[in-house]
Every structure is written in C-alpha cells, then in structure tokens.
Number of protein chains: 2
Amino acid sequence: MPDRILLAHGSGGKLAHRLVTETFVSRLGNPILAQMDDAATFNLSGTVAFTTDSYVVDPIFFPGGDIGKLAVCGTVNDLAMSGARPLYLSLAVIIEEGFSKSDLERIVDSIHQATIEAGMTIVTGDTKVVNQGSADKLYINTAGVGIVPEGVNVSGKNAKPGDKILLSGPIGDHGIAVMSKREGLRFSSKLESDSAPLNDMVERILATGQQVHCLRDPTRGGLATTLNELAQQSHTRIVIEEAAIPVREEVLGACEMLGLDPLYVANEGKLVAVLPASGVDKVLAAMRSSCYGKRAVIIGEVTDGEPGRVVMRTHLGSFRVIDMLTGDILPRIC
Amino acid sequence: MPDRILLAHGSGGKLAHRLVTETFVSRLGNPILAQMDDAATFNLSGTVAFTTDSYVVDPIFFPGGDIGKLAVCGTVNDLAMSGARPLYLSLAVIIEEGFSKSDLERIVDSIHQATIEAGMTIVTGDTKVVNQGSADKLYINTAGVGIVPEGVNVSGKNAKPGDKILLSGPIGDHGIAVMSKREGLRFSSKLESDSAPLNDMVERILATGQQVHCLRDPTRGGLATTLNELAQQSHTRIVIEEAAIPVREEVLGACEMLGLDPLYVANEGKLVAVLPASGVDKVLAAMRSSCYGKRAVIIGEVTDGEPGRVVMRTHLGSFRVIDMLTGDILPRIC
C-alpha cells in the first residue's frame, strides 16, 4: 500500500522521518521548521497570546474547505479575537493507519495555503499514527502564538452597558455546509463553509483607533453560545434584534428541514465585536472593507440588568431568552 | 450514564462549559486559565521556545504513569532539550464518547501533579468529543512555550568531533513498562515507566557554565534513533560503547522475550547530552545531582569521518552500525 499511511509512519524511525520531511517540511518549509530540533525558537517581546484547538470535523473535506484550512483559520482566529497579531503555529496530526497519503498531501497543501493567507508560519509539529479503527481518518491540533499590540485590551469581560454588538456577516454557513455534505443534502444554490482567517479584519478594526471591548468568533455552539459567554464573562445583559441577524436563504431552509436554529449553528469565518456606540460607524466601515466582512451589521446592544442573560427581540416584537446551546445538535462540526 | 462523557460535552454548549469548568479549570486553575478568553495572554521577552506533541499511548494507565503525566513531561522535556525554561502549556483533549468521567478526572489530576513538579502552568485548552469507535478512549495534545536563557545555544546541529556523549540513566523502561501492561507480561520485580520532567536536570547542567552542544530525550525510536538524528543534523560520526549503556535486567529480559533491541525502545525521562570533553566531569556531576540522573554515564563520543553514521563498539570489541529505527516495533508507545 504505497499510498497508505502505515503505523511505522508514526514510529519516530526512518519512515516517520521521511513522512515529516517529504510531506510536511517540503510543503510548509521555512528556516525555523527546517531546524528539526525538539522545539522551535524565535524572538518575541511583549504581551504574548497563546491558544490551542483540536479539529475532528467529519467529513474532512467539505464545500468551502477541509480540516487543514479549518485547523489554521480556527487558531488564527482565536489569536485574532484576543487582539493579537498571529505569528507562529504548531501542527500536530493523529492519523488513522491506512489513511490515504495523497489526501494527507492535499490537506497539508491546504494548510500551507491558509498559513500564507494568514501570514503565519508553522514552526513545530508532531505526527502520530494509530491503528485502524482508533481514529476517524485524521485529527489535527494546532497551537498558535501571537503578539498583542500595545494598548490593545480585548476580552470577553470588557463588555459594558451601552456598547453596540456588531456581527461580520451571515451566520450558520459552516455548520450547514459540513452537515449537508455529511448527510448528503443538496441545495439549489452553492452553500460553502465560511472558514477564513479573520486576522486582517481585526487589524482593520484596531487600526481605526476606536476602543473595542470584545472580539469573539462564534464557532461551536453558534452566535447564541458566544453571546451567552460574553454576557456571563462581563456580567451584563445582551439584547439582539432578530430582524438584524443575517442568515442566507439556503441556511434558513436547511435549518428548517433539519430542525436547527441558525443561532446555534457553527461559523468559522465570522466575528462579533462589542464596542462603545461612538466607534460603531468607523469599525463597521473597517469590517466592511475586509473581504470577509462585506455584510457586517449591528445586531444589538449591551444593557444593564439581568447579568449573564441574552434576549432577542423577535420579528413579532416579543422578547425571547436565548440560552446557551444544550445537548449537541451538530457533533464534530470543527 | 452520569459518569460517562457524552458527545454534548464537546459541543461548545452548556455541558461543554460545565466539563471545562468542573473537570479542567477547577483542577488546573490559575489566573490566566480562569480568564476563559479565546487565547491566554502573558508577558514574555527574549528567545522563545515553542513545541507540540500529541499523546496516543495505549494503555492510558501504565506502571509509573499515565497519558496525562506523559503529555506534560513530554512537552516539558522537548522545551528543556532546546535549553529553554518551560513556562506555559496548552492542553487539548480528544475524548471518545462514553469515556469514564472519573478516569478523565484521574488523568487531569495527574496532569496537574506533573505541571506542579515541572513548574509549568496550563493556560489554554480545548475539549473535543468524537463518537464511539472514532478514537481509543482519549488522546491528548500539549503545546509548550518557554524561554531560552541568554547565551544558551543548544541544537542537534552543534555536535562536534571530540565531544563526549552522556546519557542520564538506563534505557528502555518506558517502552517496556507500557508494552508489558499492554501485553499482560509480568516481571518478578517492579518495572515502571521513567516518565519524568527533566527541566530541573537541564537547569543543573546549564548552571555548571560548561558549554553544552546538544540535548535530546530519546523517546520514540529510542536511543539509536536519537543518536542518528544528532549525527545527521551535525554531519558527524557517533561512536558508542555497548558496555557503557545502562539497561535494567528486567528490560533486557523483556526485550529478549519480545525480540526487541533496547536501543530502539522509547524512554520518557532520559536525556542525551553532547559536550566538549573538558566539561564532562562537571556536567556528569550535575546530572547525578538530579533525582532523575543518578545513573548518568558517558556512553561514547563524536568523531570525524562518515557523517551521519552511528556505530557501536560491542562487548566483543567489534563495531556494529546502529541505524535509525525501521518499521514500528512498538506502536502507540507515547
């Protein structure tokens, strides 16, 4: 099986070295990674941001992306949401024995593509192979390191009554794109995952010089869960307007069919920004100037009273409490 | 199944938040982790070391340790082997649906214990749950960040002809301990994994002020593979003495029974140091002053000629070429 990954590819021995050199280093190559020591080294100074995520999405290839693109963008975005400029990435893969080597190469190419767009470098990595049936094809972990520019202080706990809540575009694309591929659903129009690196949009937001209190990407658990986190961390109440929240027709349709609420469906290329009303015009313009924020809108505001609660004013004008996701409507979505 | 992990524990929703708070943050708690933002932030300045490893060891509990201890020590050691002082750790788990919550708690306790000994802090993390049959119980990824003290320059490429090669103690304990548990082997005496954080030993070595060219922990692929990596990276020849290499009786016995060569069996608490002959006495004393280096010895030297080759002078006085590991004698050993 020359095109298959063998247990020996994870042994640390000859085959493992060849896999690392030929499949990973040759594609992702840069001077730091090429040193091949136990740890990568580089110079840094300031407030460092550090984050990690594992990716277990099923299927690994889906409309608009794959597990590799997701693994880069997800960690880039976690860094960007803390106001950091993403710099260095680690890449660790757990591969199921028998996995296709050409699929692995395709994924590493996609990782490379995403790091180029995000302006990041993969500097250290690890490869493990587990026996057939002990993983589902391929799992990826990335950890990322970035630098928070001086004066930037973005945190979920910073939301304040009076702040406006901005959303960078329509919700639910990623979750529904993955789900539809998994379940074999077909749409009349093309629906793709929104998986994208958002660090450029964050740079544009911060470059306005306006105060920004919170940034967060509504991934697993969707917009509803993210807003609940922000309300809880900052001990505020959040009110959103149903009419203001953009959702694509196809996503709405699929959600109705599957019995899902788009508020809980995962996004991988959207962000929520919370900031004082005075800065909204400039920040909204900055978001819309980024290719991933053209449909950015104001969706609500932060208020006093009922700390930790999120409510939505519906199309009918009534108020509905928006809880955190309970249960798991979409397993293995990222 | 109140004691079982459910898919919903990985959803990003309510159950996921409870798992993170009650199982992870309460045990590993520190002010940085408790912020619960998308990325952890802290101040750093200087040469930063950054590394990652995934852990897929089978079984997850074995004599002398478990997957949690391994996941901390392995990454601590990768940082230490680049001369860095380990500081911050990320922790990402992929859990198989149905996994025992109390086993998870036991592993997180063990992780906590290991971070205390190593003087590290877990500052960021991630939890994913995959459906039953899509993982084997639990996989862990850790990434680590440390600072390389000024003036320290340790790398596999720095080995020079004339350097001596030191080994911190007997080889093969980890591999054989895991293997014996997996295969149900019994020994007359107790054999345990050597899994341990080696950063204290490295600090002692560096505190001697002697020049140290390379440090490396011979994990997957064993001592033989590590020496081959060093010989290849530094374009030198390495000669070791069979008689000088410490191996426990039980390990030798098990290796004979299983048809293994201890030179290729994984270690998780040993290090190889390469340095000029002039520094050997002081560095050896420093290694022996650490609780994990009491049996440290000189095992060979770096020479000219045949770059990339490792040879061993056997008990009989003949020379045997020691190649890198080929195939995989011990899958899922770490």
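Residues numbered from 1 in each chain as written. Chains lettered and ligands numbered in written order. Predicted model: local features only at pLDDT ≥ 70, side-chain atom pairs only at ≥ 80, totals over all residues. Heavy atoms only, no water.

1. So, the pattern of salt bridges
Residue and element names in this part refer to chain B.
Alright, step 1. This model, assessed by the stated rule, comprises 44 salt bridges over all chains.
Alright, step 2. Residue aspartate 136 pairs with arginine 332 through a salt bridge whose shortest N-O separation is 3.1 Å. With aspartate 136 in the loop between strand E5 (121–130) and strand E6 (138–148) and arginine 332 in the segment after strand E13 (319–321), this pair connects stretches of sequence that are 196 residues apart. Residues aspartate 136 and arginine 332 agree in their burial class; the two are buried. (Salt bridge = Lys/Arg side-chain N within 4 Å of Asp/Glu carboxyl O. Helix = DSSP H or I, 4+ residues; strand = E, 2+ residues; numbered from the N terminus. Buried < 20%, exposed > 50% of the residue type's maximum accessible area, 1.4 Å probe, protein only.)

2. Some words on the domain arrangement of chain A
All names here are of chain A.
Alright, step 1. Here chain A is partitioned into domain 1 (7–148) and domain 2 (156–321).
Alright, step 2. Each of domain 1 and domain 2 has a C-alpha centre, and these two points are 27 Å apart.
Alright, step 3. At the interface, 21 residues of domain 1 touch 22 residues of domain 2.
Alright, step 4. Contact between domain 1 and domain 2 buries roughly 1,800 Å² in total, counting both sides, with carbon and sulfur atoms accounting for 60%.
Alright, step 5. Contact with domain 2 buries surface across domain 1, with Pro63, Asn77 and Met81 losing the most and accounting together for 31% of the total.
Alright, step 6. Seen at the junction of domain 1 and domain 2, the total is one salt bridge.
Alright, step 7. Across the pair arginine 182 and aspartate 58 runs a salt bridge, and its minimum N-O distance is 3.8 Å.
Alright, step 8. On inspection of domain 1 and its partner domain 2, the count reaches eight residue pairs in polar contact (both at pLDDT 80 or more).
Alright, step 9. Of all elements in the fold, only strand E2 (61–62), helix H3 (67–80), strand E4 (85–96) and helix H4 (101–118) reach the threshold of two or more residues within the side of domain 1 that touches domain 2.
Alright, step 10. The element contributing the most residues to the side of domain 1 that touches domain 2 is H3, with eight residues. (Domains from an automatic or database assignment. Contact = heavy atoms within 4.5 Å. Buried area = accessible area lost by both parts, 1.4 Å probe. Polar contact = N/O pair within 3.5 Å; in protein donor to acceptor, adjacent residues only side chain to side chain.)

3. Concerning the relation of the copies chain A and chain B
Alright, step 1. You can overlay chain A on chain B at an RMSD of 0.0 Å; the transform is a turn of 180° with a shift of 0.0 Å along its axis. What we have between these two chains is a two-fold relation.
Alright, step 2. Taken as a fraction of all interface residues of chain A, those also at the interface in chain B reach 100%, which identifies the copy contact as same-surface. (Least-squares fit on C-alpha atoms with pLDDT ≥ 70 in both.)

4. Let's talk about the interface of chain A and chain B
Alright, step 1. Taken together, the 76 residues of chain A in the interface contact 76 residues of chain B.
Alright, step 2. In this assembly, chain A packs against chain B so that about 5,800 Å² is buried in total across both faces, 54% of it on carbon and sulfur atoms.
Alright, step 3. Contact with chain B buries area across many residues of chain A, yet Asp38, Phe50 and Arg220 of chain A alone supply 14% of it, more than any other trio.
Alright, step 4. Going through the elements one at a time, helix H1 (14–28), strand E1 (40–55), H3, E4, strand E5 (121–130), strand E6 (138–148) and helix H7 (222–234) of chain A are the ones with two or more residues in the side of chain A that touches chain B.
Alright, step 5. Broken down by element, the residue count for the side of chain A that touches chain B peaks at 15 residues, all from E1 of chain A.
Alright, step 6. Here the residues of the side of chain A that touches chain B are counted per class, giving 30 nonpolar, 31 polar and 15 charged.
Alright, step 7. By the bridge criterion, eleven bridges tie E1 of chain A to strand E1 (residues 40–55) of chain B in an arrangement that is antiparallel. Across the sheet, the residue bridging to glycine 46 of chain A is leucine 44 of chain B, located in E1 of chain B. (Nonpolar A, V, L, I, M, F, W, Y, C, P; charged D, E, K, R; others polar. Pairing = 2+ DSSP bridges.)

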